[in-house]
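Structural description and commentary
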Amino acid sequence: MTRSEVDITPSKDGGVLKEILNQGDENGGSPANGDTVYVHYVGTLENGDKFDSSRDRGEKFEFQLGMGSVIKAWDLGVATMKKGEIAKFTCKAEYAYGASGSPPKIPPNATLIFEVELFSWKGEDLTENKDGGIIRRILTKGEGYKQPKDGSSVNVHYVGKYDGIRFDERDVQFEVGEASEQNVIEAIEIAVTKMKRGEKCHLTVGPQYAYGSTGSEDFKIPPNATLEYDVYLSNFEKAKEPFEMDVPEKLDQSELVKSKGTNHVKAGEYQRAIKCYNKVISYLEHETSLEEDEQKKRDALMLAAHLNLALCHLKLEENNSAVEQCDKALEMDSNNTKAFFRRGQAQLNKNEYENAKKDFEKVIALEPENKAAKNQIVMCNHKLKQFIEKEKKTYAGMFSRFAEQDAKKTPEPMNQDIGDSNGEKKEEEGGSNGTEESEMITE
């Protein structure tokens, strides 16, 4: 090891030696575990033979730091670099490709030398649609590989800052999926499902995952504010998988989750309610051979889940999904008026007036005094009349244009008699088709 080289291994065993060839930005910090980093590199053997180079390919290499997606030496070395820095890393085999090497270019037990230039890095986007609304940087790696999931009970400490000023700090316990009950923002709930026990991370949170366009009076957060959070997951207890529960546990959990779903519906939180009702179905859909009392309870819970899902999808204007849930409810109870009524609403929203009217008529057949269904039938008849009148005007205008076009046609100068005969025949065919179309629309 030369004077300019530094051993950067945790155990100081000389496995990765670093030499800075060009200083980077000393005030810009270094990338953290979980960040996506962008580098150029040239890899050589000890004898100087080059085995790989991103520079030769003409494109930067990117990888997620600290996640084991590259050799150990890289995860250790790049984490020590600054933006714009160029460094040389001398890596023993145990921090590179080990006793097996990477044939044919890298022999067994090879010490490798990498010249690496760090250009930039960015935090990990935790959002489902990758809109940049929740960016994570891992400050302290967690232990193990397990992570909380929906239904897990988590213990979290967090600090929230806006514009560099702390506005919230607390220890909180909540169930994943129910964080809003503890006034925990959505971003923290999403983040903990990606964290391991003992992990600490920094979040940059867009307004859509925090306090939105209204802000928060309690914390003096203005509308559309981007916030910073340091989050520490101290512990969690994973929720049981359905296959880990016996039938009584599934029924009890389903009752509890259904109740939570109802609370979400009352609060207008339809997406959260949908998660709850889908969970009921996941618990019970395969439980079909039960004792009589358990079977009745199971069927009642399943039916309620399908009906309430239909309601939520209607509220979200997801009409096809609402119809699907009503169909499933009617498979369980062929005379269920709520299923017919909600399916009718969904089909009315889809402009399927005849089908909607049939569903509302079925409600009246089962409940002759149902005023809501009667009102919906009146609506269907009104919509049907509007539709028919519109179609009549459309087709009437279309055939008028055809007639005008035929009137403007002049006979061919050659073979006058044949031309007149063909013209008359065409006019008869056009008139016949117009009458049939008109009669069809009138019906």
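Residues numbered from 1 in each chain as written. Predicted model: local features only at pLDDT ≥ 70, side-chain atom pairs only at ≥ 80, totals over all residues. Heavy atoms only, no water.

**Focus: the pairing of strand E10 (residues 153-162)**
The pairing of E10 with strand E11 (residues 165-175) spans 10 bridges and is antiparallel. Across the sheet, the residue bridging to glycine 160 is aspartate 168, located in E11. Linking two consecutive strands that pair antiparallel, namely E10 and E11, is a turn of two residues; a positive phi of about 55° is found at aspartate 163 within it. Both E10 and strand E13 (residues 227-237) contribute to a ladder of nine bridges, which runs antiparallel. Among the inter-strand pairings, valine 156 is bridged to a residue of E13, identified as leucine 233. (Pairing = 2+ DSSP bridges. Helix = DSSP H or I, 4+ residues; strand = E, 2+ residues; numbered from the N terminus.)

**Things to note about unusual backbone geometry**
The phi torsion of most residues other than glycine is negative, and most of the peptide bonds are trans. Along the chain, proline 103 connects to proline 104 via a cis peptide bond; the corresponding omega equals 5°. Residue position: proline 104 is located in the loop between strand E6 (86-91) and strand E7 (112-122). Within the chain, lysine 130 stands out as a residue other than glycine whose phi angle is a positive 55°. Relative to the assigned elements, lysine 130 resides in the loop between strand E8 (124-125) and strand E9 (134-140). Of note in this structure, glutamate 317 is not a glycine but carries a positive phi near 60°.

**Quick look at the nonpolar core**
Core analysis: the biggest nonpolar cluster contains 29 residues, and Val156, Phe174, Ile188, Leu203, Tyr229 and Val231 have the highest contact counts within it. The element that contributes the greatest number of residues to this core is E13, accounting for five residues. When neighbours within four sequence positions are excluded, leucine 203 is seen to be in contact with Leu126, Ile134, Ile135, Arg136, Ala187, Ala191, Leu227, Glu228, Tyr229 and Val231. (Core = buried A, V, L, I, M, F, W, Y, C linked by side-chain atoms within 4.5 Å. Buried < 20%, exposed > 50% of the residue type's maximum accessible area, 1.4 Å probe, protein only. Contact = heavy atoms within 4.5 Å.)

**Looking at the sheet that holds E9**
On the basis of which strands lie adjacent, the open sheet formed by six strands has the order E8-E9-E12-E13-E10-E11 and antiparallel pairing. The sheet terminates laterally at E8 and E11, the two strands that pair on one side only. Where E9 and strand E12 (residues 200-205) come together, six bridges link them in antiparallel fashion. Paired with isoleucine 134 across the strands is valine 205, a residue of E12.

**As for the packing of helix H6 (residues 292-315) against helix H7 (residues 319-332)**
Taken N-terminus to C-terminus, the directions of H6 and H7 make an angle of 160°; their axes are 8 Å apart at the nearest point. As the angle between them shows, H6 and H7 are arranged roughly antiparallel. Pair H6 / H7 crosses with left-handed handedness. Mapping the contact onto sequence places Arg298, Asp299, Met302, Leu303, His306, Leu307, Leu309, Ala310, His313 and Leu314 in H6 and Asn319, Ser321, Ala322, Gln325, Cys326, Lys328, Ala329 and Met332 in H7. Grouping the constituent residues of the contact of H6 with H7 by class yields 10 nonpolar, five polar and three charged. (Axes fitted to C-alpha atoms, helices over the stretch in contact; angles between N-to-C directions. Parallel < 35°, antiparallel > 145°, perpendicular 65-115°, else oblique. Left-handed = near helix turned anticlockwise from the far one by under 90°. Nonpolar A, V, L, I, M, F, W, Y, C, P; charged D, E, K, R; others polar.)

**Here we look at the confidence of the model for the protein**
Mean pLDDT over the protein stands at 88; residues scoring 70 or higher make up 88%. Across residues 413-443, confidence stays below pLDDT 50; counting only partners more than four residues off in sequence or on other chains, it has nine contacts. (pLDDT = per-residue confidence, 0-100.)

**Focus: the side chain of serine 54**
Mapped onto the secondary structure, serine 54 falls in helix H1 (residues 54-57). Within the structure, the side chain of serine 54 is placed 2.8 Å from the backbone nitrogen of tyrosine 41, a separation counted as a polar contact. In contact with serine 54, not counting residues within four places along its chain, are Val39, His40, Tyr41, Glu59 and Phe61. (Polar contact = N/O pair within 3.5 Å; in protein donor to acceptor, adjacent residues only side chain to side chain.)

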